[in-house]
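Notes for the structure review
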There are 2 protein chains.
Amino acid sequence: MARAATTTDAFNAVAEPRRRQILDLLSRGERPVNDLVALLGLPQPLVSKHLRVLRQVGLVAVRDVGRQRVYSLNGEPLKPIHDWVKAYEESWSRRFDRLDVVLEVLQSKEDSHGSDSD
Amino acid sequence: MARAATTTDAFNAVAEPRRRQILDLLSRGERPVNDLVALLGLPQPLVSKHLRVLRQVGLVAVRDVGRQRVYSLNGEPLKPIHDWVKAYEESWSRRFDRLDVVLEVLQSKEDSHGSDSD
DNA sequence: CGATTATATGCCAATATCGGCATATGTCAA
DNA sequence: TTGACATATGCCGATATTGGCATATAATCG
């Protein structure tokens, strides 16, 4: 085995920061590839490759306009991510409701287990 | 280069479904490793390895209790994920506000570009 | 047709993963 | 001390990634 393919999931596809950047740009409106290339300052083949991954998980759609390919956002595959993290929202916003847990965290940081930093 | 380390980010750490499962279990309360092993039905070394990754990105904390190591959830590193996806929430909940985009998606699916299924 | 523009693909190197299995480390009990 | 229990680590194989560079494919223009 190995790590799951980046095209398995939105989870996996979006773990790559550049792909998140691309989505962020597209959220402002559709763009042809070369626009993205210019905005990102990355080599064109690399951008095309990232777009391919995003296409395969359905996060972007393409449309042909002359010799350009215009990419647009399709956020729906992000919903599972949203749904999943949303359940944890309280764990940081109301995190002092469970002081015991906080204390445990602090305690384990002071303890002697190689300080779990690795 | 290669793919970013799983320990780089919460984004990367959480791309692995088993690690999400572990967090889901811990969200119900802290647990020693063997509890998780039993609940997940996975080999113990594998669980320990996943826990290590989660520890390295700060998603879990450990506490020693006798010869057991009790793991607990720390959701805070998930906040960046939440913040990021949240911005896209409208793109699926209000997705018919931009009918043009929807039409483009449909159109590109009918078009002849190898149907972007790959 | 040939040239140019726009984008996608192919191949390569380097890397780090996940899972399997064996084993090290650590802790408590007799 | 010896042993049993709980957990972590080490090494291995197989795989797939990201980025680089060259090149293929596609479409438009003269």
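The structure reproduced in this document is the subject of the present report. (Residues numbered from 1 in each chain as written. Chains lettered and ligands numbered in written order. Predicted model: local features only at pLDDT ≥ 70, side-chain atom pairs only at ≥ 80, totals over all residues. Heavy atoms only, no water.)

A look at the packing of helix H2 (residues 17–26) of chain B against helix H3 (residues 33–40) of chain B
All names here are of chain B. Cut-off, in case you're wondering: As a rule, the C-alpha atoms of each element are fitted with a line to give its axis, helices using only the stretch in contact, and angles between N-to-C directions run from 0 to 180 degrees. Elements are defined by DSSP. Helices are runs of H or I of four residues or more, strands are runs of E of two residues or more, and each kind is numbered from the N terminus. By convention, the crossing between two helices is left-handed when the near helix turns anticlockwise from the far helix through less than a right angle, and right-handed when the turn is clockwise. The contact definition used throughout considers only heavy atoms, calling two residues in contact when any of these lie within 4.5 Å. Under the grouping applied here, Gly and all other residues not named as nonpolar or charged are polar, the nonpolar ones being Ala, Val, Leu, Ile, Met, Phe, Trp, Tyr, Cys and Pro and the charged ones Asp, Glu, Lys and Arg.
Look at H2 against H3: their axes get within 11 Å of each other, and the N-to-C directions meet at 115°. In terms of crossing hand, the pair formed by H2 and H3 is right-handed. Counted together, Gln21, Ile22, Leu25 and Leu26 of H2 and Leu36, Leu39 and Leu40 of H3 form the full contact between these two elements. Residues belonging to the contact of H2 with H3 are distributed by class as follows: six nonpolar, one polar and no charged.

What to know about the protein's contact with DNA strand D
What counts here: When at least one non-hydrogen atom of a residue lies within 4 Å of a molecule or strand, that residue is treated as near it. Within 3.5 Å is the distance limit for a polar contact, defined as a pair of N or O atoms, with the added protein rule that one can donate a hydrogen and the other accept it, and that residues adjacent in sequence qualify only through two side-chain atoms.
Around DNA strand D, the structure places 30 residues, and the nearest of them are Arg18(A), Lys49(A), Gln44(B), Ser48(B) and Tyr71(B). One of the side-chain N or O atoms of Thr6(A) is found 3.3 Å from a phosphate oxygen in DNA strand D. No other element matches the six residues that helix H4 (residues 44–56) of chain B contributes to the surface near DNA strand D.

As for the sheet that holds strand E2 (residues 60–65) of chain B
Residues and elements named next belong to chain B. What counts here: For two strands to count as paired, DSSP must find a minimum of two bridges between them.
Judged by pairing direction, the sheet is antiparallel, and its three strands sit side by side in the order E1-E3-E2 without closing on themselves. Either end of the sheet is taken by a strand with one partner, and the two such strands are strand E1 (31–32) and E2. Across two bridges, the pairing between E1 and strand E3 (residues 68–73) is antiparallel. Within E3, the residue paired with arginine 31 across the bridge is tyrosine 71. Seen against the sheet, H2 touches E1, E2 and E3 and runs at an angle of roughly 90° to E3.

Concerning H3(B)
Each turn of an α-helix holds 3.6 residues, which means side chains three or four residues apart point in the same direction. Residue and element names in this part refer to chain B. Applicable threshold: Here the term buried applies to any residue with accessible area under 20% of the maximum for its type, exposed to any over 50%, and partly exposed to those in between, with areas from a 1.4 Å probe on protein chains only. Arc definition: it is the arc formed by the directions from the helix axis to the C-beta atoms.
All of the buried residues in H3 are Val33, Leu36, Val37 and Leu40. The buried residues of H3 all sit within an arc of 105° when viewed along its axis, so they share a single face. Seen from the buried face of H3, the exposed residues on the opposite side, beyond 90 degrees, are Asn34 and Ala38. Each element contacted by the buried residues of H3 is listed here: H2, E1, H4 and E3.

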